[in-house]
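For reference, the chains in residue letters:
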Amino acid sequence: MIYSNYKKITYVKTNKYLIWLILTNLEDCDMSKTQGDIIRDLHEILEETQINLSEDDLYEASADRYKKYARAKKALNVPMPSAIVYPYSAEEVQKLLKYCNENRINVIPRSGNTATEGGLENWKELTIVVDAKNLNKIIKIDTYNMQATVQAGVQLQVLEDELRKLGYTTGHSPQSKPVAEYGGLVSTRSIGQFSTLYGAIEDMIVGLECVFPNGHISRIKNVPRRSGGPDIRHVVLGNEGTLCYITEVTVKIFKYYPDNNRFYGYLINDVDTGIKVLREVVTEGFRPSVARTYSEEDARQHFYHFHKGKCVLIFMAEGPLGIVNATCEAIEKAVDKYKDGIIEKVDSQLIEDWFNHLNWSQQDLDDERQGMIDNDRHDGYTTEISADWEHITQIYYNVMNRIRNEYEMAEDLTMLGGHSSHSYINGTNMYFVYNYNINCAPEDELRLYHHPIQKIIVEETLKLGGSMCHHHGIGKYRNQWTEEEHGSAYYMLETLKKAFDPNGIMNYGTIFPVEEGEKYRE
């Protein structure tokens, strides 16, 4: 085991937060540096304006949106980082990582701060958050070679806006698009709402630059394809800050044809009908940019103005007119094939209007937080999984049945449903969505509500051979199933960690299970 075993934990309470003071086996981990030493040393590496010691900001950096309710209520049970730093270059990242590696200081790479699975949560007393805010340059937009190169802190929306001026698009549109940054998008293997056409981030990535804990800077060159050994981009893709720090990314770009967009919507009998139509369209070789089906409960919160208590099926086709027309014909043909499960067609303008208001801005996030501060005792979560066509609906119904029959707090649920939103030739995903009234202390919310529900979802998914995480990443709270997720291939994943981060300083507790993290799940 490359991580330290803790001997004793004591607590110091202040009026703002709870600090966990951790005494470790010094033979396993060099703790000779104090927090004061770290702050002094950082001023020798960076300018004062690049170092953030604000208590409020450090508190916010202690966790991500996974603990949004507890964080809003000032009830976090994790330590604050020692500092947040903002490097301007790969060379400054190199200096920071070498320093932390030599002194066994935990590093949390942060870019965008939209994580939802605890991947940015801090589980170490001595921690530096390395934020990509200053790595914010669009280096090159190359419309001839159809690619764009950006630093890790460039917001997706910023690049999209620049490309739209030229008649191009990133093709990448997660709900966090207005605030997400490229370093975070790549490190979590993110996906966007138009993935059935454009693919996920791993389909868009061309090359990148990253820095490893020992200070080595690696640059993967930009080529359309190569057969030069294993695809080493995938060492970095999805590493969630546990192996390296991403500083630069090159992605594909696509021509943009907004005038050709076509929208379809249907009320349908059940999830099964929706999945069958999705499968028919995709396996026939067509790629609508959006292909989704919603359960009755999930449709109620998304399509309150037309759902009529039924499941909903929606499509969007985009691209060159000839491709759009062929895709629309295929959608109509698939719907007709399963017409016994189709109730009625929905006005396409209603679907278009919904899409135009789907993304969350920073203001939306701030408003949600303020609502929690002002005693809003309602919360909700999602857990996204994937499976082949044969098993996806079986997983869905198994999960629904277990939660309704086994979950002790089921009476507090205000919504329990799901939707499929990303489809492939051999299967699709399922987004389980659940909202609830919180009838407990803020620090107990996850233990009583989210964790038991997520456990059922993961168990039923793994039981039928699916993946427990489709696109949000493992973070720190699904890491207890990482080994089961990968099976015998976990050897490969674990070996990467030992090779690239032998001192275990990169984002302690994310992806890779650690005994010390058990107390944060309780």
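So, here's what we can say about the structure. (Residues numbered from 1 in each chain as written. Predicted model: local features only at pLDDT ≥ 70, side-chain atom pairs only at ≥ 80, totals over all residues. Heavy atoms only, no water.)

Details of the overall build of the protein chain
Part 1 of the reasoning: Of the regular secondary structure elements, the protein chain holds 19 helices and 21 strands.
Part 2 of the reasoning: Taking the principal axes of the C-alpha coordinates as reference, the protein chain spans close to 70 × 60 × 45 Å.
Part 3 of the reasoning: Residues counted as buried form 58% of the 522 residues belonging to the protein chain.
Part 4 of the reasoning: With the model as given, the accessible surface of the protein chain reaches about 22100 Å², and the carbon-plus-sulfur share is 47%.
Part 5 of the reasoning: Here the protein chain contributes 56 positively and 76 negatively charged side chains, and the mean placements of these two sets differ by 3 Å. (Helix = DSSP H or I, 4+ residues; strand = E, 2+ residues; numbered from the N terminus. Buried < 20%, exposed > 50% of the residue type's maximum accessible area, 1.4 Å probe, protein only. Areas by Shrake-Rupley, 256 points an atom, 1.4 Å probe, with all protein chains shown as cover. Lys, Arg positive; Asp, Glu negative; His and termini not counted. Charge placed at Lys NZ, Arg CZ, Asp CG, Glu CD.)

What about the packing of helix H15 (residues 389-406) against helix H16 (residues 445-463)?
Part 1 of the reasoning: Viewed as axis vectors pointing N to C, H15 and H16 meet at an angle of 145°, and their least axial separation amounts to 9 Å. The two elements H15 and H16 cross, and the hand of that crossing is right-handed. Residue-level inspection shows Ile395, Asn398, Val399, Arg402 and Ile403 of H15 in contact with H16, the latter providing Ile453, Ile456, Ile457, Glu459, Glu460 and Thr461.
Part 2 of the reasoning: In terms of residue class, the contact of H15 with H16 is made up of six nonpolar, two polar and three charged. (Axes fitted to C-alpha atoms, helices over the stretch in contact; angles between N-to-C directions. Left-handed = near helix turned anticlockwise from the far one by under 90°. Contact = heavy atoms within 4.5 Å. Nonpolar A, V, L, I, M, F, W, Y, C, P; charged D, E, K, R; others polar.)

Some words on the pattern of salt bridges
Part 1 of the reasoning: For the coordinates displayed, the defined rule picks out 27 salt bridges.
Part 2 of the reasoning: Notably, a salt bridge pairs Glu384 with Arg478, separated by 2.5 Å at the nearest N-O pair. Of this pair, Glu384 sits in strand E18 (residues 378-388) while Arg478 sits in the loop between H16 and helix H17 (482-486), placing them 94 residues apart in sequence.
Part 3 of the reasoning: For Glu384, a relative accessible area of 0% gives the class buried.
Part 4 of the reasoning: Here Arg402 and Glu460 are joined by a salt bridge, their closest N and O atoms 2.9 Å apart. (Salt bridge = Lys/Arg side-chain N within 4 Å of Asp/Glu carboxyl O.)

Focus: the packing of helix H10 (residues 271-283) against H15
Helix-helix packing is described using two parameters, namely the angle between the two axes and the distance between the axes.
Part 1 of the reasoning: As a packed pair, H10 and H15 sit with axes 11 Å apart at the nearest point and diverge in direction by 160°. As summarised for this structure, H10 and H15 are arranged roughly antiparallel, according to the angle between their axes. Note on packing geometry: the crossing formed by H10 with H15 is right-handed. Taking contact as the criterion, the partners of Val271, Asp272, Ile275, Leu278, Arg279 and Thr283 in H10 are, on H15, Trp389, Ile392, Thr393, Tyr396 and Tyr397.
Part 2 of the reasoning: Of the residues in the contact of H10 with H15, the class split is seven nonpolar, two polar and two charged. (Parallel < 35°, antiparallel > 145°, perpendicular 65-115°, else oblique.)

Side note on the pairing of strand E12 (residues 245-252)
Part 1 of the reasoning: Judged by how many residues are buried, E12 sits mostly within the fold: seven of eight residues are covered.
Part 2 of the reasoning: Where strand E8 (residues 147-151) meets E12, five bridges bridge the pair, whose relative direction is antiparallel. Along E12, the bridge assignment pairs Gln151 with Glu248.
Part 3 of the reasoning: Bridging between strand E10 (residues 205-211) and E12 involves six bridges; their strand directions are antiparallel. Note on E12: the bridge partner recorded for Leu208 is Val249. (Pairing = 2+ DSSP bridges.)

Topic: helix H5 (residues 156-166)
Note that an α-helix has 3.6 residues per turn; residues three or four places apart therefore point the same way.
Part 1 of the reasoning: Of all the residues in H5, the buried ones are Leu156, Leu159, Glu160 and Leu163. Down the axis of H5, the sector holding all buried residues measures 100°, keeping them to one side.
Part 2 of the reasoning: On its buried face, H5 is in contact with strand E7 (138-142), E8, strand E9 (168-169), helix H6 (182-187) and E12.
Part 3 of the reasoning: Positive backbone phi, at 90°, marks Gly167, one or two positions downstream of H5. (Arc of directions from axis to C-beta.)

With respect to the pairing of E18
Part 1 of the reasoning: Of all 11 residues making up E18, eight are buried, and the element is well covered by its neighbours.
Part 2 of the reasoning: Two elements, E18 and strand E21 (residues 427-437), share 11 bridges in a ladder whose sense is antiparallel. Its bridge partner being in E21, Tyr381 is matched across the sheet by Tyr434.

Notes on the sheet that holds strand E11 (residues 217-220)
Part 1 of the reasoning: Read across the open sheet, the five strands follow the order E7-E8-E12-E10-E11; overall the sheet is antiparallel. Each having just a single partner strand, E7 and E11 make up the two edges of the open sheet. Going across the sheet, the axis of each strand differs from the next one's by a mean of 10°, ignoring polarity.
Part 2 of the reasoning: Its contacts with the sheet place helix H4 (residues 90-103) against E10, E11 and E12, and it is angled at close to 45° to E10.
Part 3 of the reasoning: Running over the sheet, H5 touches E7, E8 and E12 and is turned about 30° from E7.

Looking at the nonpolar core
Part 1 of the reasoning: Core analysis: the largest hydrophobic core is formed by 67 residues, its most contacted members being Tyr266, Leu313, Phe315, Ile403, Leu413, Phe432 and Tyr434.
Part 2 of the reasoning: With seven residues, H15 is the single largest residue contributor to this core.
Part 3 of the reasoning: With residues near it in sequence (within four places) discarded, Leu413 still touches Ile403, Tyr407, Tyr434, Asn435, Tyr436 and Ile453. (Core = buried A, V, L, I, M, F, W, Y, C linked by side-chain atoms within 4.5 Å.)

Quick look at unusual backbone geometry
Part 1 of the reasoning: Positioned with a positive phi, Asn113 is a non-glycine residue whose angle comes to about 60°.
Part 2 of the reasoning: Looking at the element boundaries, Asn113 is found in the loop between strand E5 (106-110) and strand E6 (127-131).
Part 3 of the reasoning: The backbone of Ile511 sits at a positive phi, close to 70°, despite the residue not being glycine.
Part 4 of the reasoning: Its place among the elements puts Ile511 in the loop between helix H18 (490-500) and helix H19 (518-521).
Part 5 of the reasoning: On the accessibility criterion, Ile511 (5% relative accessible area) is buried.

Considerations on the state of the cysteines
Part 1 of the reasoning: Following the criterion strictly, the structure yields zero disulfides and no others.
Part 2 of the reasoning: Here Cys244 is not cross-linked by a disulfide; its sulfur's nearest cysteine counterpart is in Cys210, at 4.0 Å. (Disulfide = S-S within 2.5 Å.)

Notes on the packing of aromatic side chains
Part 1 of the reasoning: One pass over the structure, following the stated rule, counts 16 aromatic pairs.
Part 2 of the reasoning: Taken together, a centroid distance of 6.1 Å and an interplanar angle of 90° make the contact between Tyr294 and Trp354 edge-to-face. Note that Tyr294 is positioned in strand E15 (residues 290-294) and Trp354 in helix H13 (residues 348-355), a separation of 60 residues in sequence.
Part 3 of the reasoning: A relative accessible area of 1% places Tyr294 in the buried class.
Part 4 of the reasoning: On the basis of relative accessible area, Trp354 is assigned to the buried category, the value being 9%.
Part 5 of the reasoning: Put simply, the rings of Phe263, Tyr294, Phe303, Phe306, Trp354 and Phe355 touch in pairs and so form one group of aromatic residues.
Part 6 of the reasoning: Directly above the ring of Tyr86 sits Lys133, whose terminal nitrogen or CZ lies 4.2 Å from the centroid. (Phe/Tyr/Trp six-rings, centres within 6.5 Å; stacked < 30°, edge-to-face > 60°. Lys NZ or Arg CZ within 6 Å of the ring centre and 35° of its normal.)

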